[in-house]
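A closer look at the structure
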Amino acid sequence: MRKGFTKLLSVLLVVGMVLSLTACGTEETQTGSSYDVVVVGAGGAGLCAAIEAKVHGAENVLLIEKMPFAGGNTLLSWAELACAGNWLQIEQGIEDSNEQFAKEMWEGGGKVARKEMVDIVVNNALDAALWLRDEIGVVYQDYLVHEGGHSVPRAVEPVDLGPGMIYPLLDKAEELGVEILYDTKAEELLVNDEGRVIGVQATNQEGEEVTFFAEKGVVLATGGFGANVEMRQKYNTRWETLDESVQTTNSPAATGDGIVMAEKIGAQLENMEHIQLYPFNNPMTGVFYGIEAPSWSGEGIVYVNQDGKRFVNEVGMRDERAEGILAQGGVAYAIYNQEVADRLNLEEIYADEYAQCLADGVFYKADTLEEIAEYFDINAENLVETMEKYNEYMKAGHDPEFGRKTSMVPMEEGPWFILKGVVSVHHTMGGVMIDTEARVINTEGEIIEGLYAAGEVTGSVHGNNRVGTCAISDIVVFGRIAGKNAAQGI
Ligand SMILES: Cc1cc2nc3c(=O)[nH]c(=O)nc-3n(C[C@H](O)[C@H](O)[C@H](O)COP(=O)(O)OP(=O)(O)OC[C@H]3O[C@@H](n4cnc5c(N)ncnc54)[C@H](O)[C@@H]3O)c2cc1C
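Residues numbered from 1 in each chain as written. Predicted model: local features only at pLDDT ≥ 70, side-chain atom pairs only at ≥ 80, totals over all residues.

So, the sheet that holds strand E6 (residues 155-158)
We count it as follows: At least two bridges found by DSSP between two strands are what make those strands a pair. Note on conventions: DSSP H or I runs of at least 4 residues are helices, E runs of at least 2 residues are strands, and numbering of each starts at the N terminus.
Pairing is antiparallel in the open sheet, where 3 strands are placed in the order E4-E6-E5. Every other strand in the sheet has two partners, leaving strand E4 (81-82) and strand E5 (140-145) as the edge strands with one partner each. Inspection of the sheet shows E5 paired to E6 by 3 bridges, in the antiparallel sense. Residue pairing in the sheet places valine 145 in a bridge with alanine 155 of E6.

As structure tokens, then:
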């Protein structure tokens, strides 16, 4: 929320000019401001694009944002970025390669994405992390994150998570002279007679129509549609329903605006039916728990149903875990013990979250398994048996029931921690089709001149399932490409 209110529209419309143009096929004369590059959406992808556009020769770069502040989903995120061969892997002696990473990201997405798009992300991910660290000033933790779908710990995490990435990007954009307009919502893309995108029609803070012309290019970076129930319902083919009964981890601004605008001028959409559910979230908020960290920290964790039985690999792919939880009636419980909490220092880091969740009745801690079972009305006898089997499997390094292969950590002693969880809409894999240069492709398979896109607004990278920590790699890599190419007219 820091800087959003400081630059108001009244200071922007300096360069008024009258141009004749075609807005989505309609001839009209309009007054507007002219820039080299206009970026729509000040989330992670948009900020990266605006910075790179400026660095690569665009003199005037405008970034418009419909909310009163920058950040989008990226601000809410943990901003964990997967990159093979990173400095922490080297320090810890973890062997990894781009080939292995690309294989896992592509296979994790059901081999549905165009492989060359996955390769672009993977081959540029380490450079993206180094750019964020060394050029932008993002400070990283000294530990790695190990999300499901990765064979090794591979992701770096900023100190302060999403804000720890967004605010340094925002500072850099402002330092470079990118003009940022908040409360300014893009409504339509403007197209000339040759089919080239020449600007954006928007609504400003006062509710007035404003026009921004882009001499070199427009970059769409408006994010996904996880918060748009109508679009979720329109495109979803996999889950029984994604109506209001399913909450979302996303910002309310994730309403798919860029997808709708681009489709209206002939952009090809792809993978729209693939919508990811995050498996385990706080039923009160729909957002995932910090205190469920053992599931992505290579630690001990067990999911059980009301019957006290395991039903899925707790550290497996998100879609498998979500399917598993839905098959239990949509509610599950995550359990870990004091040793796990201590190793991750959870009670200190998340003291407030534990207190709130206890008050809300979605978390409980007790000395025995019987007590935690009783609190949530779980079959206690089965739970004790489940934990015995879990420990047997973890010690043997082999989980014959659910095929867990990583985070093989036994948990034998209490006290025990238990959380109640539900699924939430987390990521929309579909969006506008782009090529490897971040240029938007139309339904004829041709490039739409003057239009670039990056981030969750695109549908070309994650296939049918976005592997954890790969979205930030994607938005930074393609945000940078889009900004640079828009500035250089590539
Ligand atoms: C809680 C949470 C945690 C996550 N953690 C991770 C993680 O650790 N690692 C990982 O890889 N992925 C993570 N993800 C996914 C990842 O954060 C997102 O995919 C990514 O941030 C999307 O970036 P973006 O720039 O494309 O969109 P956003 O960051 O959402 O930015 C889009 C911006 O466009 C603006 N906008 C939208 N429409 C308009 C319009 N019409 N006019 C003007 N502006 C508009 C929005 O307000 C927003 O500011 C997480 C997601 C969530 C929700």
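Overview of the packing of helix H4 (residues 98-108) against helix H5 (residues 115-136)
Put simply, the rule reads: Axes here mean lines fitted to C-alpha atoms, for a helix over just the part in contact, with angles spanning 0 to 180 degrees between N-to-C directions. Oblique is the label for any angle not covered by the other classes, which are roughly parallel (under 35 degrees), roughly antiparallel (over 145) and roughly perpendicular (65 to 115). Left-handed describes a crossing in which the near helix is turned anticlockwise from the far one by less than a right angle; the clockwise case is right-handed. We call two residues in contact if the C-beta atoms placed from their backbones are at most 7 Å apart. Under the scheme applied, nonpolar residues are Ala, Val, Leu, Ile, Met, Phe, Trp, Tyr, Cys and Pro; charged residues are Asp, Glu, Lys and Arg; polar residues are all the others, including Gly.
Between H4 and H5, whose axes approach to 9 Å, the crossing angle comes to 135 degrees. Here H5 runs oblique to H4, going by the angle between their axes. Judged by the sense of rotation from one axis to the other, the crossing of H4 with H5 is right-handed. Where H4 approaches H5, its residues Asn98, Phe101, Ala102, Met105 and Trp106 are matched on the opposing element by Lys115, Val118, Asp119, Val122 and Asn123. Residues of the contact of H4 with H5, tallied by class, amount to 6 nonpolar, 2 polar and 2 charged.

Describing the site of the ligand
Our working rule: Nearness between a residue and a molecule or strand is assessed with a C-beta atom placed from the backbone; a distance within 6 Å qualifies.
Taken together, 40 residues sit near the ligand, with Gly41, Gly43, Gly72, Gly223 and Gly455 positioned nearest. Across the shell around the ligand, the residue classes break down as 17 nonpolar, 17 polar and 6 charged.

Here we look at the domain arrangement of the protein
This is how the line gets drawn: Boundaries of every domain are those given by an automatic assignment or by a domain database.
Partitioning the protein into domains gives domain 1 (1-274 + 429-490) and domain 2 (279-425). Here domain 1 and domain 2 have C-alpha centroids that lie 34 Å from each other. Contacts between the two partners involve 17 residues from domain 1 and, on the opposite side, 16 residues from domain 2. For the side of domain 1 that touches domain 2, the residue count by class is 4 nonpolar, 11 polar and 2 charged.

Looking at the pairing of strand E12 (residues 275-281)
The two faces of a sheet get side chains in turn, since along a regular strand they alternate between them. We apply this condition: Neighbour counting defines burial: a residue surrounded by 20 or more other C-beta atoms within 10 Å of its own C-beta is buried, one with 12 or fewer is exposed, and intermediate counts give partly exposed, using backbone-placed C-beta atoms.
With 7 of 7 residues buried, E12 is to be regarded as a mostly interior element. Across 5 bridges, the pairing between E12 and strand E16 (residues 416-428) is antiparallel. Paired with isoleucine 275 across the strands is threonine 428, a residue of E16.

Some words on the nonpolar core
Here is the rule we go by: Residues enter a nonpolar core if they are buried, belong to Ala, Val, Leu, Ile, Met, Phe, Trp, Tyr or Cys, and are joined to the set through C-beta atoms within 7 Å.
Ranked by internal contacts, the top residues of the largest apolar core, which has 153 residues, are Val37, Val38, Val39, Leu81, Val219, Ala453 and Ala454. Residue contributions to this core peak at 11 residues, all from helix H15 (residues 470-488). Mapping this core onto the domain boundaries places at least three of its residues in each of domain 1 (1-274 + 429-490) and domain 2 (279-425). When sequence neighbours within four positions are dropped, the list of residues in contact with leucine 81 reads Ala125, Ala128, Ala129, Ala155, Val156, Thr469, Ile472, Ser473 and Val476.

Some details on the packing of H5 against H15
In contact at an axis separation of 8 Å, H5 and H15 are set at 85 degrees when each is read in the N-to-C sense. Judged on the interaxial angle alone, H15 and H5 are roughly perpendicular. Contacts from Ile120, Val121, Asn124, Ala125, Ala128 and Leu132 in H5 reach Ser473, Asp474, Val476, Val477 and Arg480 in H15. Split by residue class, the contact of H5 with H15 holds 7 nonpolar, 2 polar and 2 charged.

Topic: helix H1 (residues 44-55)
What counts here: Helix span is expected to be 1.5 Å times the residue number reduced by one.
Compared with an ideal rise of 1.5 Å per residue, which puts 12 residues at 16 Å, H1 spans 17 Å between its outermost C-alpha atoms and is within 8% of the ideal. The element H1 is extensively covered by neighbouring structure, given that 11 of its 12 residues are classed as buried. Here H1 has its buried residues at Gly44, Ala45, Gly46, Leu47, Cys48, Ala49, Ala50, Ile51, Glu52, Ala53 and Lys54. Remark: glycine 57 follows H1 within two positions and exhibits a positive phi of approximately 105 degrees.

As for unusual backbone geometry
Here the amide bond leading from glycine 414 into proline 415 is cis, since omega sits at -5 degrees, within 30 degrees of zero. Looking at the secondary structure, you find proline 415 in the loop between helix H14 (380-396) and E16. One non-glycine residue, leucine 161, adopts positive backbone phi at about 50 degrees. For leucine 161, the position within the fold is in helix H6 (residues 161-176). Residue leucine 161 is classed as partly exposed on the basis of its 17 C-beta neighbours within 10 Å.

Notes on the environment of asparagine 345
For asparagine 345, the location among the structural elements is in the loop between helix H10 (338-343) and helix H11 (346-349). Overall, the presence of 10 C-beta atoms within 10 Å leaves asparagine 345 in the exposed class. Sequence-wise, asparagine 345 and leucine 220 are 125 residues apart; in three dimensions their C-alpha atoms are separated by 40 Å.

Quick look at the environment of asparagine 465
Structurally, asparagine 465 is set in the loop between strand E19 (447-453) and H15. Overall, the presence of 24 C-beta atoms within 10 Å leaves asparagine 465 in the buried class. Residues asparagine 465 and glutamate 104, 361 residues apart in the sequence, show an inter-C-alpha distance of 11 Å. Excluding its chain neighbours within four sequence positions, the residues that come into contact with asparagine 465 are Gly108, Gly109, Gly110, His274, Gln276, Met317, Arg318, Asp319 and Met429.

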